[in-house]
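# Observations on chain architecture
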Amino acid sequence: LDILLDSPDNNVSEYIFEKIGVDLHRRPEHPLGILKSAILEYFDSAYGKGSFRMFDDLHPIVSTHENFDSVLVPQDHVSRSKNDTYYVTEDTVLRCHTSAHQLSLLKQGEKKFLVTGDVYRRDTIDATHFPVFHQMEGVRVFTKCELSSTELAPQDFVSQELKSMLEGLAKHLFGEVELRWVDAYFPFTDPSYELEIFFNGEWLEVLGCGVMQKQILNGASLVDEEAWAFGLGLERLAMVLFDIPDIRLFWTNDERFSKQFKAGMFRSGGHNMQKFKSYSKYPPCYKDVSFWLPNVSKFTENDLCEIVRSTAGNLVEEVKLIDEFHNPKTNQVSNCYRITYRSMDRSLTD
Ligand code: FA5
Ligand code: MG
């Protein structure tokens, strides 16, 4: 660990490194573990028990090749920057999505699989974004024979099966829920879509998906086949499923949270399922910080969030730009950020 942290390319703070191995998704009593089983249950019932194989212990440190190249992320794509991704060394990263494992599993001959794991992104901070979260990837390969059973063009057939499968999943999890499909772009799928669910008065993006690029399949020696793939955000779905208002709660050790979740509590369609009962929130505490932007190096909001996060950890609820000032004489710009602190466990002093 120390050797890795000493690498000149490393931009992973200790706060983030400590999250490796916590594996919330492998705890049967944790909302993420409960959700993982509920999704597996859906795949078992829709496709036959065991037909989708679940991988939930693949290590989150992967090569840049796996994280980016293997899924055709262009060389100049923003997600490759050190502003967006945690680099451990020049050519290893904390995976920023479970798609990093698509190609190697296809190469191993897997045709229907799910990958659940922790993923890491330098990102802004608010109630639905956290720098460490969990994704579930799903891939289904269609054989030539399966594709020839329809009059539809292969891509349309695969797209349709994908969308109706995911709508079925949403129904299994939530019962009736308001959802919408949004056209999207991913380098590794075409066409690509995102699914949004109406939650707490807003549309919440819960997953990305699409028809896998031929080039990826070809790389795994699959030439006549087609495939779909999706990657869903487990926290986002769990927030909707259990009515959990803040993404940081998934990391709390407070018994008032953990006692409310039990393995086996999931009820299909949300019928008679216990929702999360919010215990009263402690009051927030605001501090404004303003500073001049450097003239030479580039300032990014993610860098600021990272500093705030490494210093104040889970106490930070939100980091928000509230004022910008340009001094015409010196041609300098200053920013003012409001940092909202709130503890899940106690009242903060000033
Ligand atoms: C991806 O990560 C793609 N790999 C998904 C995919 C897989 C597309 C296979 C096509 C085929 P995206 O960056 O949109 O896509 O993230 C997927 C989901 O992760 C989002 O819909 C959201 O539910 C969740 N998510 C993204 N960022 C965060 C965050 N900071 N905190 C919590 N959840 C997040
Ligand atoms: Mg997205």
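Below is a short write-up of the structure. What you are looking at is a predicted structure, and each value in this text was computed from that prediction instead of being measured.

Basis of the calculations
- Residues numbered from 1 in each chain as written.
- Chains lettered and ligands numbered in written order.
- Predicted model: local features only at pLDDT ≥ 70, side-chain atom pairs only at ≥ 80, totals over all residues.
- Heavy atoms only, no water.
- Pairing = 2+ DSSP bridges.
- Helix = DSSP H or I, 4+ residues; strand = E, 2+ residues; numbered from the N terminus.
- Axes fitted to C-alpha atoms, helices over the stretch in contact; angles between N-to-C directions.
- Donors = N, O, S within 2.8 Å, 3.2 Å for Na, K, Ca; no water.
- Near = heavy atom within 4 Å.
- Polar contact = N/O pair within 3.5 Å; in protein donor to acceptor, adjacent residues only side chain to side chain.
- Areas by Shrake-Rupley, 256 points an atom, 1.4 Å probe, with all protein chains shown as cover.
- 1 Å grid on protein atoms, 1.4 Å probe; cavity = no way out; pocket = protein on both sides within 12 Å on 5 of 7 lines; lining within 4 Å.
- Sits in = over half its atoms within 2 Å of the grid points.
- Buried < 20%, exposed > 50% of the residue type's maximum accessible area, 1.4 Å probe, protein only.
- Contact = heavy atoms within 4.5 Å.
- Expected span 1.5 Å × (residues − 1).
- Points joined across faces, edges and corners; volume = space filled by probe spheres on them.
- Nonpolar A, V, L, I, M, F, W, Y, C, P; charged D, E, K, R; others polar.

### Details of the sheet that holds strand β4 (residues 92-94)
- Spatially, β2-β4-β3 is the arrangement adopted by the three strands of the open sheet, whose pairing is antiparallel. Since the sheet does not close on itself, it has two edges, and those belong to β2 (61-63) and β3 (87-89), each with one partner. Within this sheet the neighbouring strands show an average axis-to-axis angle of 35°, counted without direction.
- The pairing of β3 with β4 spans two bridges and is classified as antiparallel. Within β4, the residue paired with Y87 across the bridge is V93.

### Quick look at the coordination of the magnesium ion (ligand 2)
- Within the protein, the atoms that donate to the magnesium ion (ligand 2) are E194 (OE) and E205 (OE), at distances of 2.3 to 2.6 Å. Here E205 lies in strand β9 (residues 202-212) and E194 lies in strand β8 (residues 189-199), a separation of 11 residues in the sequence.

### Digging into the site of ligand 1
- Surveying the vicinity of ligand 1 reveals 26 residues, the closest of which are H97, S99, R121, E205 and V206.
- Measuring from a nitrogen atom of ligand 1, one finds a side-chain N or O atom of H97 at 3.0 Å.
- Taking Q135, its side chain carries an N or O atom lying 3.1 Å from an oxygen atom of ligand 1.
- Burial of ligand 1 by the protein chains amounts to 94% of its free accessible area of 680 Å².
- Most atoms of ligand 1, that is more than half of them, are within 2 Å of grid points of the largest pocket.

### Details of the environment of R140
- Summarising the element assignment, R140 is placed in strand β6 (residues 132-142).
- The exposure class of R140 is buried, given its relative accessible area of 10%.
- With 86 residues separating them along the chain, R140 and E226 place their C-alpha atoms 8.5 Å apart.
- Residues in contact with R140, not counting those within four places in the same chain, are Y47, F52, K111, K112, E146, E161, E226, A227 and W228.
- At 3.1 Å, the side chain of R140 and the side chain of E146 are in polar contact.

### So, the sheet that holds β6
- Taken together, the seven strands give an open sheet; going across it, the order is β1-β5-β6-β10-β9-β8-β7, and neighbouring strands pair in mixed fashion. For this open sheet the edge positions go to β1 (53-55) and β7 (179-186), each flanked by a neighbour on one side alone. The sheet shows a mean angle of 25° between the axes of neighbouring strands, taken without regard to direction.
- Looking at chain direction, β9 and strand β10 (residues 226-233) are connected through five bridges and run antiparallel. Paired with C209 across the two strands is F230, which belongs to β10.

### Section: the environment of F52
- Along the chain, F52 falls in the loop between α3 (31-47) and β1.
- Sequence spacing of F52 and H129 is 77 residues, and the spatial spacing of their C-alpha atoms is 29 Å.
- Not counting the four nearest positions on each side in its chain, F52 is found in contact with L40, F43, Y47, K112, F113, L114, V139, R140 and W228.

### Description of α3
- Taking 1.5 Å of rise per residue, the 17 residues of α3 would be expected to cover 24 Å, and the 24 Å separating its terminal C-alpha atoms lies within 8% of that figure.
- Most of α3 sits inside the fold, with 12 of its 17 residues counted as buried.
- Of the residues making up α3, those classed as buried are P31, L32, G33, I34, L35, K36, A38, I39, Y42, F43, D44 and Y47.

### Let's talk about empty space enclosed by the protein
- A full pass over the atoms with the stated rule returns two cavities of 30 Å³ or more.
- Considered as a void within the structure, the largest cavity measures approximately 50 Å³ in volume.
- Contributing to the lining of the largest cavity are L166, L169, A170, L173, F174, L195, I197, V206, L207 and L237.
- Going through the elements one at a time, α7 (154-174), β8 and β9 are the ones with two or more residues in the lining of the largest cavity.
- Its residues placed into classes, the lining of the largest cavity shows 10 nonpolar, no polar and no charged.

### Quick word on unusual backbone geometry
- For the bond from D190 to P191, the omega torsion is -5°, close enough to zero to count as cis.
- Looking at the secondary structure, you find P191 in strand β8.
- Its identity is not glycine, yet D23 carries a phi of approximately 50°, on the positive side.
- By the element assignment, D23 lies in the loop between α2 (14-17) and α3.
- Overall, D23 belongs to the partly exposed group, its relative accessible area being 22%.
- Of note in the backbone geometry, N272 takes a positive phi value of approximately 55° without being a glycine.

### Considerations on the pairing of β7
- Summarising the sheet, β7 and β8 pair through seven bridges and their orientation is antiparallel. Within β8, the position partnered with F186 by the bridge is T189.
- Taken together, β7 and the strand that follows it, β8, pair antiparallel across an intervening segment of two residues.

No statement about biological role is implied by the geometric values presented.
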